Amino acid sequence: MPAHETTVVVIGESLVDIISDPGQPEAVQVHPGGSPLNVAVGAARLGLHTSLVTHYADDRHGLMIEEHLRQNGVHVINGGTAPTSAALATLGPDGAADYTFAITWELNGASLPALAAIRDSTHVHAGSIATVLPPGDQATLGLVRAAREYATISYDPNCRPAISPDAAAARRQSERFVAASDVIKASDEDLRWLYPDRTPEETLEAWLGLGPALVALTRAASGPLILSRRGRVEMAAEPITVADTVGAGDSFMAGLISGLSQLGSLGTGGRRRLENLTPEELQAVAAYANRAAAVTCSRQGANPPRKDELGPLTMPTRVPAPAGRLRTPTAPRVSAPPPRPAASR
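The following paragraphs examine the structure supplied in this document. In this text the structure is predicted, and so the values were computed from the model without any measurement. (Residues numbered from 1 in each chain as written. Predicted model: local features only at pLDDT ≥ 70, side-chain atom pairs only at ≥ 80, totals over all residues. Heavy atoms only, no water.)

1. Some words on the overall build of the protein
- Within the protein one finds 11 helices and 15 strands.
- For the protein, the C-alpha radius of gyration of 19 Å lies close to 20 Å, the compact-globule estimate for 345 residues.
- Once the C-alpha set of the protein is aligned to its principal axes, its extents read approximately 70 × 50 × 40 Å.
- Burial status across the protein gives 56% buried among its 345 residues.
- The contacts of the protein with a sequence gap of at least 6 include a subset with a gap of at least 24, amounting to 73%.
- Taken as a whole, the protein presents about 14,100 Å² of accessible surface, with 52% of it coming from carbon and sulfur.
- Seen as two clouds, the 30 positive and the 35 negative side-chain charges of the protein have centres 8 Å apart. (Helix = DSSP H or I, 4+ residues; strand = E, 2+ residues; numbered from the N terminus. Rg over C-alpha atoms; globule rule 2.2 N^0.38 Å. Buried < 20%, exposed > 50% of the residue type's maximum accessible area, 1.4 Å probe, protein only. Contact = heavy atoms within 4.5 Å. Areas by Shrake-Rupley, 256 points an atom, 1.4 Å probe, with all protein chains shown as cover. Lys, Arg positive; Asp, Glu negative; His and termini not counted. Charge placed at Lys NZ, Arg CZ, Asp CG, Glu CD.)

Here you go:
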């Protein structure tokens, strides 16, 4: 299905990121954020019709969020009554962010319009705090399960131990979402926290056994790894000069959704196609999402790329081999690497 025909519904928190750098204490920045909000903005910038089922209040920070979503063409379904949530992100020397939160999650008043949006959607994405924080986590799970009849589903646990410190409970909840989903994206940090007794790739393989068609792992500077039942693809992160890593994993997720849309593998009509993507198609999608994350790392804050910055998804070029055989395409290479690889989480 062409990207312009894809309708995406994202379910999850909106908040403001208050970003401080100990090296520049006078330069505190405030940006709209939250993993699901970032995914919604990223998907909309890549040309997908996008709605966000979320919560923010009619306060200063809520109005900032509302204006940000409006400017990026994201339709909002807003529920709940609590104040707008906030995350304090403190940057380390490598540009990585360490978070503390003041957040609530509920969807009072939004369930019926959310269900109506889901019935008209091609793809539904959920993740992060909205999938683990009561009282709204069960409403999120209910919407995701209801969506399978109408859409493909993606999920990103984007674990926040400061919000849900019980790893065993978070693990059980994650597996419920994994079993209801077609596409999974997680970071190596997520999986090491959820499953400390096995490698992240072992967890990907176990999650693949729960039902998804595709599972993707982001590994900071080591780049992404994608597994399906038909192939395995990995590549290095694109070398760029890193401004910070805020929102990089969310841009990867938005790029993944957009890339799969361009391959016609979203929606109930695309589910079989999604289950049968070739290794070359997996590589093309991984490279597209990888570039989206790199662009975000190259500038400050959660500022995902637009469609014209990434261009269309392109298939890898096969390299001629002797005796008429085809060689497996290699990961894309960048000819004059700048200083440091992107760190997508």
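2. Brief notes about the sheet that holds strand S12 (residues 225–228)
- Reading across from one edge, S5-S4-S1-S8-S9-S10-S11-S12-S13 is the order of the 9 strands in this open sheet, with mixed pairing throughout. Each edge of the open sheet is held by one strand with a lone partner, namely strand S5 (75–78) and strand S13 (231–234). Neighbouring strand axes in the sheet, compared pairwise and without regard to direction, differ in orientation by 15 degrees on average.
- Sheet topology places S12 next to S13; 4 bridges connect them, and they run antiparallel. Residue pairing across strands places isoleucine 226 opposite valine 233, the latter belonging to S13. (Pairing = 2+ DSSP bridges. Axes fitted to C-alpha atoms, helices over the stretch in contact; angles between N-to-C directions.)

3. Remarks on the pairing of S12
- In S12, alternate side chains face the same way, and those of Leu225 and Leu227 on one face and Ile226 and Ser228 on the other are all buried.
- A loop of 6 residues connects strand S11 (residues 214–218) with S12, the two strands running antiparallel in sequence, and alanine 220 in this loop sits at a positive phi of about 50 degrees.
- The loop that links S12 with its antiparallel partner S13 comprises 2 residues.

4. A word on the packing of helix H8 (residues 248–262) against helix H10 (residues 279–297)
- Packing of H8 against H10 leaves a shortest axis separation of 7 Å and a crossing angle of 145 degrees. Where H8 crosses over H10, the two elements pack in a sense that is right-handed. On the side of H8, the interface is formed by Ala248, Ser251, Phe252, Gly255, Leu256, Ser258, Gly259, Leu260 and Gln262, while H10 contributes Val285, Ala286, Tyr288, Ala289, Asn290, Ala292, Ala293, Thr296 and Cys297.
- Residue composition of the contact of H8 with H10, by class: 11 nonpolar, 7 polar and no charged. (Left-handed = near helix turned anticlockwise from the far one by under 90°. Nonpolar A, V, L, I, M, F, W, Y, C, P; charged D, E, K, R; others polar.)

5. With respect to empty space enclosed by the protein
- Using the criterion set out here, one finds 1 cavity of 30 Å³ or more in the structure.
- The volume enclosed by the largest cavity comes to roughly 70 Å³.
- Forming the boundary of the largest cavity are 13 residues, of which Val132, Pro157, Cys159, Arg160 and Ser164 lie nearest the centre.
- Residues that form the lining of the largest cavity fall into these classes: 7 nonpolar, 5 polar and 1 charged. (1 Å grid on protein atoms, 1.4 Å probe; cavity = no way out; pocket = protein on both sides within 12 Å on 5 of 7 lines; lining within 4 Å. Points joined across faces, edges and corners; volume = space filled by probe spheres on them.)

6. Some thoughts on the state of the cysteines
- On inspection of all chains with the given rule, the structure shows 0 disulfides.
- We note that cysteine 159 lacks a disulfide partner, and the nearest cysteine sulfur, in cysteine 297, lies 19 Å from it. (Disulfide = S-S within 2.5 Å.)

7. A look at the pairing of strand S6 (residues 85–91)
- Burial runs high along S6: 5 of the 7 residues are buried.
- As paired elements, strand S2 (residues 15–20) and S6 share 6 bridges and run parallel to each other. Residue pairing for S6: serine 20 is matched across the bridge by threonine 90.

8. Quick notes on helix H4 (residues 137–147)
- Where H4 is concerned, the buried positions are Asp137, Thr140, Leu141, Leu143, Val144 and Ala147. Summarising the axial view, the buried residues of H4 lie within an arc of 160 degrees, below the 170-degree limit, and thus occupy one face.
- Each element contacted by the buried residues of H4 is listed here: strand S1 (7–11), helix H3 (111–119), strand S8 (123–127), strand S9 (152–156) and helix H5 (167–179). (Arc of directions from axis to C-beta.)

9. Quick notes on the pattern of salt bridges
- A full pass over the atoms with the stated rule returns 11 salt bridges.
- Arginine 70 is the partner of glutamate 67 in a salt bridge, and the nearest nitrogen-oxygen pair spans 2.5 Å. Of the two residues, glutamate 67 and arginine 70 both sit in helix H2 (residues 60–71), 3 residues apart, roughly one turn of that helix.
- The partner of arginine 232 in a salt bridge is glutamate 201, and the shortest N-O contact between them spans 2.9 Å. Taken together, the residues arginine 232 in strand S13 and glutamate 201 in helix H7 (residues 200–208) connect sequence positions 31 residues apart.
- Through salt bridges that share partners, Glu201, Arg219, Arg232 and Glu234 make up one connected network. (Salt bridge = Lys/Arg side-chain N within 4 Å of Asp/Glu carboxyl O.)

10. Describing the sheet that holds S6
- Pairing within the open sheet is mixed, and its 4 strands lie in the order S3-S2-S6-S7. Bordering the open sheet on either side are strand S3 (29–33) and strand S7 (97–102), each of which pairs with just one other strand. On average, each strand axis in the sheet is tilted by 25 degrees relative to the strand beside it, whichever way the strands run.
- Here S6 pairs with S7 via 6 bridges, running antiparallel. Of the residues in S7, the one forming a bridge with leucine 91 is alanine 97.
- Contacting S2 and S3, H2 runs over the sheet at an angle of about 60 degrees to S3.

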